Structures are given as C-alpha cells and as structure tokens.
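# Coordinates in review
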Amino acid sequence: MITYYFHTLEEALKRAKATGKRPGCWYGGIVLRSGKRGFAVYKEGKVLEQYSVMGKGF
C-alpha cells in the first residue's frame, strides 16, 4: 500500500477518482491514523493506494 500526499483535498480526490476507474477498483473516503481526511482505492477488498493532504490542508 502506498500513500500519496497532495497540497489540496481536491487534488487527492481527482487522483483517487482516476485510479478508481481501473477495472475491479473503487474508491472511498477515509480518515488516516493522523486524523487527516483522504481517499483510498480498493481492489478485491484490499487497499491499493491512499491519497491525502500535506500539512493543515484538510
């Protein structure tokens, strides 16, 4: 699992939507352990990638 960080939540959402369009994948909102909001891309019930924001941009 890889976590990607962006400057804005909108950028993270855009990337998660694009990745979630792959066959057999979908995306959903998450809250990371640090309390930051973000998105995760799933395939076969497992998290492939996570997308969140850097700093206080949540």
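Presented here is a report on the structure given in the accompanying data block. (Residues numbered from 1 in each chain as written. Predicted model: local features only at pLDDT ≥ 70, side-chain atom pairs only at ≥ 80, totals over all residues. Heavy atoms only, no water.)

## As for the overall build of the chain
Looking only at helices and strands, the chain has one helix and four strands in total. In sequence order, the chain lays out its α and β elements as β-α-β-β-β. In terms of overall dimensions, the chain is globule-like: its C-alpha atoms have a radius of gyration of 11 Å, near the 10 Å expected for 58 residues. Considering only C-alpha atoms, the chain reaches an extent of 35 × 20 × 15 Å along its principal axes. Classification of the 58 residues of the chain by burial places 34% in the buried group. Restricting the contact set of the chain to residue pairs at least 6 apart, pairs at least 24 apart contribute 36%. Within the structure as shown, the chain displays about 4100 Å² of accessible surface, and the carbon and sulfur contribution to it stands at 56%. In the chain, 11 side chains carry a positive charge and 4 a negative one; their mean positions are 3 Å apart. (Helix = DSSP H or I, 4+ residues; strand = E, 2+ residues; numbered from the N terminus. Rg over C-alpha atoms; globule rule 2.2 N^0.38 Å. Buried < 20%, exposed > 50% of the residue type's maximum accessible area, 1.4 Å probe, protein only. Contact = heavy atoms within 4.5 Å. Areas by Shrake-Rupley, 256 points an atom, 1.4 Å probe, with all protein chains shown as cover. Lys, Arg positive; Asp, Glu negative; His and termini not counted. Charge placed at Lys NZ, Arg CZ, Asp CG, Glu CD.)

## Brief notes about the nonpolar core
Where a protein is soluble and globular, its nonpolar side chains tend to be buried together. Among the nonpolar cores identified, the biggest contains nine residues, and these are F6, L9, A12, A16, C25, F39, V41, Y51 and V53. Mapped by element, the contributors of at least two residues to this core are α1 (9–20), β3 (37–43) and β4 (46–53). Of all the elements, α1 adds the most residues to this core, at three residues. (Core = buried A, V, L, I, M, F, W, Y, C linked by side-chain atoms within 4.5 Å.)

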